[in-house]
Each structure stands twice: as structure tokens, then as C-alpha cells.
Amino acid sequence: MKVRIEEGERQRRRGESMRRSAKKKLEIKIAELEAILAKERAKAQKYKKRYQRAKKEGASTTSPRTAVKALLGRQKAHLDPILNQVREQHPDVCTLHFFSDAPATQYRQKGNFFHLSTEPFKYGFKQISWHFFEASHGKGAPDGVGGALKRTADKIVAHGEDIPNAQTLYEKLKGQENCSIDLHFIPESDIEAKPEVPAVTAVKGTTRIHQAISMKPGEMMYRDISCLCKWEEGTLDCSCFNLQKVSLLASDQSKVHVKEPIKSWRPEVIEEKHIGEWCVVNYDNDGYPGIILDVEEHSVKVKCTHNKGINKFCWPSPRDDINWYGDWQILCLMPEPQLVNRRAFSVEPSVWKYMEDQLQ
Ligand SMILES: [Zn+2]
């Protein structure tokens, strides 16, 4: 009898001690989660304050990523100082090779290709070859440069210095002793002051292009894969990988060798007169048909549909998807889509094909 009581008592105690330790563990877990939550709240508050401050000061509230994308669209602004420098420091150079990530947006394509096949010639260069790496490929010099700058910036911040804007970042990086990377600061005003790209011929299958070559102003050759097999003989335009040729100046149609005529898919600038029209928004390389609700300088407000499958779109519910986009994010204008059932609609097959060609 006594033995049984002791056994029961022992079990009860063991159970209680297990419950206590489980409770303790949960309490620790809750405290941890609360700490994370507080941290996230503080972060959100910081970003909110930063946004409001920027808005109050009339500064740009666009995210740095959006701003950089717009900058890349206006290639010329950031090409100028580099072309100048190479010309001055290495006057014998006549062939230029550029290495960059892939051209993604339609806006970038036009500006990029046009400037690439005109600007360097103005500085006296004779041949230009531009190699586009796929995203997260070509880990070498280009990524190394970016990585080195990022690490340096991290180090500066870790030492307690603030980097509130691009100008400061530039000055601090420039001030580093062993910085062997050439940096150029391009103020926003410079980017905006650059003239627009004239009407140029669209190039087919831009997202597949990995090498663009120009040996004559306004003329460009391109292929899906880079080739430099005759480079040592001074030839960039070997016929490998189906080299194509295109004249980018619309006025020079006689020399155009594009496979089929391409009509213009979007106006040079989206204006107020386009309010109410349908367009396709390029968001992170996905196409979203939508209606233009408003237009302000370089920005377009669009009510977007969501994709529900192959050429199938519908309005999101319960909430509308209305946002401001950069002008360059408008891939093209399009006719009103057709309803395929009560909720979903399809865009014209030609528009769908264009979206597929331009976005990957
Ligand atoms: Zn070749």
C-alpha cells in the first residue's frame, strides 16, 4: 500500500515539473517573439518617418530601386562621364566593351540601344560591343565592383556614420583610402535634363539579346549569345549565333533588316490624353493589363488586373489594385480586352505575344 502511494506521488511530481518547464519555455519563446515584434515595429516606424520627411521636404519618395531603374533607362546620363574619362586617359582606345546585367524593360531597350550605337562615336570610338549578363550570372568584375562598394558602405555605417543619401554615399566612398573603383556622381537634375530618345525602331526579342555591337552610328547588330571568336583579328561582327542587324533611326528605314515590320507599341511619353486607355504595366518583369487613371510628370496611375493563367486576367477582389508607376514601366498601350466569361478577360493575341516577347 505504502509503495503504491509513493509511486503515485512521484508521478504527480514528475508531471508538475514537466508542466513547469514547458511553461517556462513558452514564456521565453513569447518574450523572444515580443522582442522581434518590437524591433519590426520600430523599423516600420523609421521607414514611415523617413517617407514622411521626404514628402515634406518635397524630395522624391520613390524607392531607390525605382530611381535607379529610371536612371538606367536614361543611359546617356551615366555614360557621359565614363566615355569622357576613357577618351582622356586612354586616347588610343578605339573599341569599347561594356559588361552589364540584362536589359529588361522596353524603355531601357530603346534608350540603351540608341545611346550605345550613337554616343560613343561622338567621343571618337570606332567599335562598341555590349555584353548583357543574365541576372545573377557573370559573377566577375561587374558584381565584384558592386559587392566591394556595398561592403565598404556597410563598414562605414558600422563605424557609426550615417549615409542618408546618394551624395553622401558617393563622398564617403570616394574618401576611402584604398578605393580603386572610379565613381561618378550623377545628380537627379542631370538625368532629367538629358534629351529624350528620338523615335527609334523597336528591336525584336530584346530580352533574349546578350550581345549588342555597333560599328556605325545608329546601326546595331545583335545576337542571343555573345561571341568574340574573331576579336583578336579586330573583328567584332563574326556571323556566329545568327547575328542580326538593325538600323535604329526610324528615318533610315531603307537599311532596316528586322524580320518583320513592327508597329509602335507605345507613345514616347504617356500623357493626360491617355487617361482612360488600356495599357500593360511591367512590374518586376510581369505584365499587368490595366486602365490609366491619372498621369503626372513621369508617373502613371493604373488600375491593374491580375493574371489568372495564360492570357487570362481579372479584376482583383475585394480590393482594387491601384498604384502609381514610372512612365518607363508602361510596356505598351492596348485595345480594351474581351471578356471570356463573367469575370475573366483576354487581351488581343498580338498584345499577349508582345508581352511574352518583351517580358520573361
Ligand atoms: Zn564568332
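A few points on the structure.

About the thresholds
Residues numbered from 1 in each chain as written. Predicted model: local features only at pLDDT ≥ 70, side-chain atom pairs only at ≥ 80, totals over all residues. Helix = DSSP H or I, 4+ residues; strand = E, 2+ residues; numbered from the N terminus. Buried ≥ 20, exposed ≤ 12 C-beta atoms within 10 Å, placed from the backbone. Contact = placed C-beta atoms within 7 Å. Pairing = 2+ DSSP bridges. Axes fitted to C-alpha atoms, helices over the stretch in contact; angles between N-to-C directions. Arc of directions from axis to C-beta.

## Comments concerning the overall build of the protein chain
Then, number 1: A tally of regular secondary structure across the protein chain gives 9 helices and 14 strands.
Then, number 2: Every one of the 360 residues in the protein chain was classed for burial, and the buried ones make up 21%.
Then, number 3: Restricting to contacts in the protein chain with at least 6 residues of sequence separation, those with at least 24 account for 61%.

## Some details on the sheet that holds strand β6 (residues 278-283)
Then, number 1: What the 5 strands build is an open sheet, ordered β11-β8-β7-β6-β12; its pairing is antiparallel. Here the strands that pair on one side only, and so sit at the sheet edges, are β11 (321-326) and β12 (330-334). For this sheet the average axis-to-axis angle between neighbouring strands, irrespective of direction, equals 40°.
Then, number 2: In the sheet, strand β7 (residues 286-296) pairs with strand β8 (residues 299-304) via 6 bridges, with the strands oriented antiparallel. Across the sheet, G290 pairs through a bridge with C304, a residue of β8.
Then, number 3: Its contacts with the sheet place helix α9 (residues 349-358) against β6, β7 and β12, and it is angled at close to 170° to β12.

## A few points about the pairing of β7
Then, number 1: Pairing of β6 with β7, which is carried by 6 bridges, proceeds in the antiparallel orientation. The partner of W278 across the bridge, within β7, is I291.
Then, number 2: As consecutive antiparallel partners, β7 and β8 are separated by 2 residues, and within that stretch H298 has a phi angle of approximately 65°, a positive value.

## What to know about α9
Then, number 1: Listing the buried residues of α9 in full gives V351, Y354, M355 and Q358. For α9, the arc enclosing every buried residue in end-on projection is 100°, short of the 170-degree limit, so these residues lie on one face. Turned more than 90 degrees away from the buried face of α9, the exposed residues are P349 and K353.

## Thoughts on the environment of G287
Then, number 1: Mapped onto the fold, G287 is located in strand β7.
Then, number 2: Under the C-beta neighbour-count criterion, G287 is labelled buried, with 24 such atoms within 10 Å.
Then, number 3: In this structure the C-alpha to C-alpha distance between G287 and Q358, which are 71 residues apart in sequence, comes to 9.2 Å.
Then, number 4: If near-sequence neighbours (up to four positions away) are discounted, G287 is found in contact with V280, N282, L331, M355 and L359.

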